[in-house]
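One letter stands for each residue in the lines below.
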Amino acid sequence: MDIVRTVVRRELAAYFTTPLAYVFIVIFLALAGAFAFFLGGFFERGQADLESFFVFHPWLYLFLVPAVAMRLWAEERRTGTIELLMTLPASTFQIVLGKFLAAWIFTGIALALTFPFWLTVNYLGEPDNGVILAAYLGSWAIAGAFIAIGACASALTKNQVIAFVLGAAICFLFLMSGVDLVLAAFRGWAPDWFVDLVASFSLITHFNELAKGVINAATAVYLATLVGVCLLVNTLIVDLEKAR
Amino acid sequence: MQEMVRLERLTKRFGAVQAVDGVSFSVARGEVLGFLGPNGAGKSTTMRMLTGFVLPTSGTARVMGFDVVREPRRAKERIGYLPEGAPSYGDMSPLGFLRFVGEMRGIHGKELARRIGVAFERTGLEEVANRPIETLSKGFRRRVGLAQAILHDPPVLVLDEPTDGLDPNQKHEVRKLVREMSRDKAIIVSTHILEEVDAVCDRVVIIARGRIVADARPEELERRSPTHNAVRLTVDRERATEAMDAIRTLNTVREVRRLEEVNGVATLLALPVDGADLGAQVSQLLYGRGIRIERLAVERGRLDDVFRELTQGGSA
Ligand SMILES: Nc1ncnc2c1ncn2[C@@H]1O[C@H](COP(=O)(O)OP(=O)(O)O)[C@@H](O)[C@H]1O
Ligand SMILES: [Mg+2]
C-alpha cells in the first residue's frame, strides 16, 4: 500500500506542476456550466435539481478524461523514465493502480470544484441532496471508467496524441454501445443474448440512471468490473512490453 | 570472493535482431567490471535484462542469488541502476525525486532524510536540491541519476554509460565516485570510452554483436596488443638507419618503425615477437655499436588496438 500511495502522490503532484491541470479544470468548469445553462436549461426547468447539469458529464468526459489519462504511461515511455520506474522493487499492478487512482482523484477534484452549482440549487430551492450526492458519485464513477480505459490506451504508445485519440474512441464505444445504431450492427448475425450483453455495456444507459440519483447494484458491479478489467489489461500491456 | 551477479547464457532477440547472444559472466564483491563494446553491441539490453526491465528470450540473470525473472522484487531491491541517458522526472526537484525513489524502495522518514543527505553529499547535489531537474545541466542531471542509484546503498550497482556526454572534470568525478564505492559492492559500468577502463575497472568484458569476445583484466588485454612491450627509443637522426638495421637483426624483433623526427632526433619503435622483453637487448646492442640512446620506454600496449581488433565490423 505504501508503494501505491507513493505513486499516487507523485502522479498527483505531476498534474499540478503543469499549467495544463489548471487549464483542464477551468475548461471543465466552464463547459459543465455552459452545457447546463444553455443546453440543459438549468434555470428554465424551474426545478431544484442538478439533472440538467449531470446529463452532459459523460460527453464532457469523453474528450476531457482521455486528456487526463493520456500522459500516464506514454510520457514515461517518451522520456525513458519507465525504465527507472519498472526497475524499482514494485509490482506492475501497484504502479498501474497508483497511476489510475491519481488520475481519478484529479478528476474528482475537478468535479468537486463544481460545488457552486450545488450551492445555487440549494439557494434557489430545496433539492434532494441525497440524489445530488448519488449523482456526483455516479458521475465520478463514469470518470473512473474512462480513466481506466484511457490509461490502457496510454500504455500502448509513447505518443500522447495517439493515446488520447485511442482512449477517446474506446470510451465512445462504451458510451454508445446501447444506442440502436451500434446494436443494429450486431443484430443481424449475433444471438440475442449477445446483443443484450452489448447493450448492457452502455455507459450512457447506466449513467442516465445515475444522473437521477439511482444507484443500483447492477450498475455498481458493472462499473467496478469494467475498471478492474481495464487495470488488469493495463498491467498486462505494460508487462508484455518487457517481453517483446 | 563473493559472487554477487551471475549471468548465464543470457539471450535477447527483438524480432530478427539478435541483440544479446549467450552472454555469461559473473561479478564479485569489490569488483568493478567494465562492460565494453561498440554502439549497438548489446550492452544496454544486457543491463536491462539484469535489472528486470527487459525479459530475456532465454538464459538467466541472478543478483545475490535471486533470479531476476522469478523473484524480481528481491533482485531489484539489491540493485542500484542508472539507465542509459539518466532518465528522471523533469518536473521534480532532486530532493523530491530522491524522496520518491526512496519511498518506492520502502525507506521513510528520518532514515530517508539521512540517506538522501549521504547521496547528495557523494554526488555534490546539495546546491541544486530544490531546483526542477529539467532546469539543471546535463552533468547535474547525470548526478541525480547516480544519487538515485546509490540511495539505498545497494550491494550491486549497474551503471549504463555514466560518463557519456560529460566534460572531463565531470567524468573524473564520476570515476572517483565509482572507485570510492567499489570496496563493498559489485559494480558493472558500461562504456565505449577506453580510458575509462584504465581509470576504474578491475576487469573488462568486451561484447560485439551480442557476443562476448573478451573477458580479462585490463593488463591482460593490453598484453594482447601488438604494441605490448614494444620499445620506443630516440637516437640521433644521423644514426637512425644504422640503429634500425641493428635492431632488426634481433630475432625477438618483429618490426622496426621510424615514427617522427624532432630537432635532429628520430623516434623509433621496435615491435617484439610475441610480446618478448626487448628493452635490455636493444640498449645493450646499441651501446655496443656506440649509438647513444637519448630516451627509451617500454610500451604497455594500447587497449584501443585490442578493442578494434576484437570488435571489428561489430559497430552498427
Ligand atoms: N527495444 C528494442 N527493439 C528492437 N531492437 C532493439 C531494442 N533495443 C535494442 N535493440 C537493438 O539491439 C541491439 C543492441 O542494442 P543496445 O543493447 O542498445 O546496444 P548498446 O547499448 O551496446 O549500444 C541494437 O541493434 C539495437 O538496435
Ligand atoms: Mg547502450
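From a predicted model like this one, the values you see are computed outputs, not experimental measurements.

Undergrad: Quick one: what's the story with the overall build of chain B, residue by residue and with numbers?
TA: A tally of helices and strands in chain B yields eleven helices and 14 strands. The principal-axis extents of the C-alpha atoms in chain B amount to approximately 75 × 45 × 35 Å. Burial status across chain B gives 53% buried among its 316 residues. Sequence separation of at least 24 residues holds for 69% of the intrachain contacts in chain B that already meet a minimum separation of 6. Element-wise, carbon and sulfur atoms account for 44% of the exposed surface of chain B, whose accessible area totals about 14500 Å².

Undergrad: Outline the site of ligand 1, supporting the account with residue identities and numerical values.
TA: Around ligand 1 sit Arg244(A), Phe14(B), Val17(B), Ala19(B), Pro38(B), Asn39(B), Gly40(B), Ala41(B), Gly42(B), Lys43(B), Ser44(B) and Thr45(B), and those are all the residues in its vicinity. Near ligand 1, residues from chains A and B are present, making the site a shared one. One of the backbone nitrogen or oxygen atoms of Lys43(B) is found 2.8 Å away from an oxygen atom of ligand 1. Residue assignment for the shell around ligand 1 shows that the elements contributing at least two residues are β2 (17–28) and α1 (43–50) of chain B. Considered class by class, the residues forming the shell around ligand 1 number five nonpolar, five polar and two charged.

Undergrad: Got a sec to walk through the domain arrangement of chain B? Specific residues and values, please.
TA: Considered domain by domain, chain B is made up of domain 1 (3–223) and domain 2 (231–299). Centre-to-centre, using C-alpha coordinates, domain 1 of chain B lies 45 Å away from domain 2 of chain B.

Undergrad: Any chance you could break down the coordination of the magnesium ion (ligand 2) for me, citing the residues and the numbers?
TA: Around the magnesium ion (ligand 2), the protein contributes the donor atoms Ser44(B) (OG) and Glu84(B) (OE), at 2.1 to 2.7 Å from the metal centre. Separated by 40 residues along the polypeptide, Ser44(B) in helix α1 and Glu84(B) in the loop between β6 (79–82) and α3 (94–104) bring together distant segments of the chain.

Undergrad: Please provide a residue-by-residue account of the pattern of salt bridges, values included.
TA: One pass over the full model with this rule turns up 33 salt bridges over all chains. Close ionic contact of Arg77(A) with Glu241(A) constitutes a salt bridge, the shortest N to O distance being 4.0 Å. Placement of Arg77(A) in helix α5 (residues 71–79) and of Glu241(A) in helix α14 (residues 217–243) is noted, with a sequence separation of 164 residues between them. Classification of Glu241(A) by relative accessible area gives partly exposed; the value is 32%. Of the charged contacts in the structure, one is a salt bridge between Glu3(B) and Arg6(B), with a shortest N-O distance of 2.6 Å.

Undergrad: How would you explain the interface of chain A and chain B if you had to name every residue and give the values?
TA: Taken together, the contacts link 27 residues of chain A with 27 residues of chain B. Summed over both partners, the interface of chain A with chain B buries about 2500 Å², with 62% contributed by carbon and sulfur atoms. Residue Arg9(A) is joined to Glu103(B) by a salt bridge in which the shortest nitrogen-to-oxygen separation is 3.2 Å. The tally of links between chain A and chain B comes to eight residue pairs in polar contact (both at pLDDT 80 or more). Breaking the side of chain A that touches chain B down by element, the ones donating at least two residues are α1 (2–17), α5, α6 (81–86), α7 (92–112) and α14 of chain A. When residues of the side of chain A that touches chain B are assigned to their parent elements, the largest contribution, eight residues, is made by α1(A).

Undergrad: So what about the packing of aromatic side chains? Which residues, and what values?
TA: Residue and element names in this part refer to chain A. Scanning the entire structure with this criterion turns up 14 aromatic pairs over all chains. Each ring, one from Tyr15 and one from Phe106, has its centre 4.8 Å from the other, and the planes form 10 degrees; the classification is stacked. In this pair, Tyr15 is assigned in helix α1 and Phe106 in helix α7, connecting sequence segments 91 residues apart. Across this residue pair, the class does not change: Tyr15 and Phe106 are buried. Each ring, one from Trp104 and one from Trp140, has its centre 4.1 Å from the other, and the planes form 15 degrees; the classification is stacked.

Undergrad: I'd like a rundown of α7(A), residues and numbers included.
TA: Between its first and last C-alpha atoms α7(A) spans 30 Å; for 21 residues at 1.5 Å apiece the expected length is 30 Å, and the two agree. Taken across its 21 residues, α7(A) has 15 buried, putting it largely inside the fold.

Undergrad: Mind laying out the environment of Thr81(A), listing which residues take part and the relevant values?
TA: Tracing the chain through its elements places Thr81(A) in helix α6. Contacts of Thr81(A), omitting those with residues within four sequence positions, involve Glu76(A), Pro87(B), Ser88(B) and Tyr89(B). A distance of 2.8 Å separates the side chain of Thr81(A) from the side chain of Glu76(A), its partner in a polar contact.

Undergrad: An account of the environment of Leu88(A) is needed here, citing residue identities and associated values.
TA: Secondary-structure assignment places Leu88(A) in the loop between α6 and α7. Aside from chain neighbours lying at most four places away, what touches Leu88(A) is Lys76(B), Phe100(B), Val101(B), Met104(B) and Arg105(B).

Undergrad: Help me get a handle on the packing of helix α9 (residues 129–155) of chain A against helix α10 (residues 160–176) of chain A, residues and values and all.
TA: Residues and elements named next belong to chain A. At a closest axis distance of 8 Å, the pairing of α9 and α10 adopts a crossing angle of 140 degrees. Our classification of the angle between α9 and α10 gives oblique. α9 and α10 meet at a crossing whose hand is right-handed. The segment α9 lies against α10, with Phe146, Ile149, Gly150, Ala153 and Ser154 engaging Ala163, Leu166, Gly167, Ile170, Cys171, Phe174 and Leu175.

Undergrad: Describe the packing of α1(A) against α5(A), naming the residues involved and giving the relevant values.
TA: Residue and element names in this part refer to chain A. Running from N to C, α1 and α5 cross one another at 85 degrees; their axes reach a closest spacing of 12 Å. The orientation of α1 with respect to α5, classified from their angle, is roughly perpendicular. Within the contact between the two elements, α1 uses Arg10, Glu11, Ala14 and Tyr15 and α5 uses Arg71, Leu72 and Glu76. Among the residues making up the contact of α1 with α5, the classes are represented as three nonpolar, no polar and four charged.

Undergrad: Outline the sheet that holds strand β1 (residues 3–14) of chain B, listing residues and values.
TA: All names here are of chain B. Overall, antiparallel pairing links the four strands, which are arranged β2-β1-β4-β5 in an open sheet. At either margin of the open sheet sits one strand with a lone partner, and together these are β2 and β5 (66–67). Two elements, β1 and strand β4 (residues 58–63), share five bridges in a ladder whose sense is antiparallel. Bridge assignment links Arg6 to a residue of β4, and that residue is Arg62. Packing against the sheet, α1 makes contact with β1, β2 and β4, and its axis sits at approximately 120 degrees to β1.

Undergrad: Can you lay out the sheet that holds strand β12 (residues 253–262) of chain B for me, pointing to particular residues and giving the numbers?
TA: Residues and elements named next belong to chain B. Pairing within the open sheet is antiparallel, and its four strands lie in the order β12-β13-β11-β14. If you trace the sheet from one side to the other, it starts and ends with β12 and β14 (293–298), each paired once. Direction aside, the axes of adjacent strands within the sheet are offset by 20 degrees on average. Note that strand β11 (residues 231–236) and β14 share five bridges and pair antiparallel. By the bridge assignment, Val235 is partnered in β14 with Ile293. On top of the sheet, helix α9 (residues 240–248) reaches β11, β12 and β13 (265–272); it is set at about 165 degrees to β12, its chief contact.

Rules used in this analysis
- Residues numbered from 1 in each chain as written.
- Chains lettered and ligands numbered in written order.
- Predicted model: local features only at pLDDT ≥ 70, side-chain atom pairs only at ≥ 80, totals over all residues.
- Heavy atoms only, no water.
- Helix = DSSP H or I, 4+ residues; strand = E, 2+ residues; numbered from the N terminus.
- Buried < 20%, exposed > 50% of the residue type's maximum accessible area, 1.4 Å probe, protein only.
- Contact = heavy atoms within 4.5 Å.
- Areas by Shrake-Rupley, 256 points an atom, 1.4 Å probe, with all protein chains shown as cover.
- Near = heavy atom within 4 Å.
- Polar contact = N/O pair within 3.5 Å; in protein donor to acceptor, adjacent residues only side chain to side chain.
- Nonpolar A, V, L, I, M, F, W, Y, C, P; charged D, E, K, R; others polar.
- Domains from an automatic or database assignment.
- Donors = N, O, S within 2.8 Å, 3.2 Å for Na, K, Ca; no water.
- Salt bridge = Lys/Arg side-chain N within 4 Å of Asp/Glu carboxyl O.
- Buried area = accessible area lost by both parts, 1.4 Å probe.
- Phe/Tyr/Trp six-rings, centres within 6.5 Å; stacked < 30°, edge-to-face > 60°.
- Expected span 1.5 Å × (residues − 1).
- Axes fitted to C-alpha atoms, helices over the stretch in contact; angles between N-to-C directions.
- Parallel < 35°, antiparallel > 145°, perpendicular 65-115°, else oblique.
- Left-handed = near helix turned anticlockwise from the far one by under 90°.
- Pairing = 2+ DSSP bridges.

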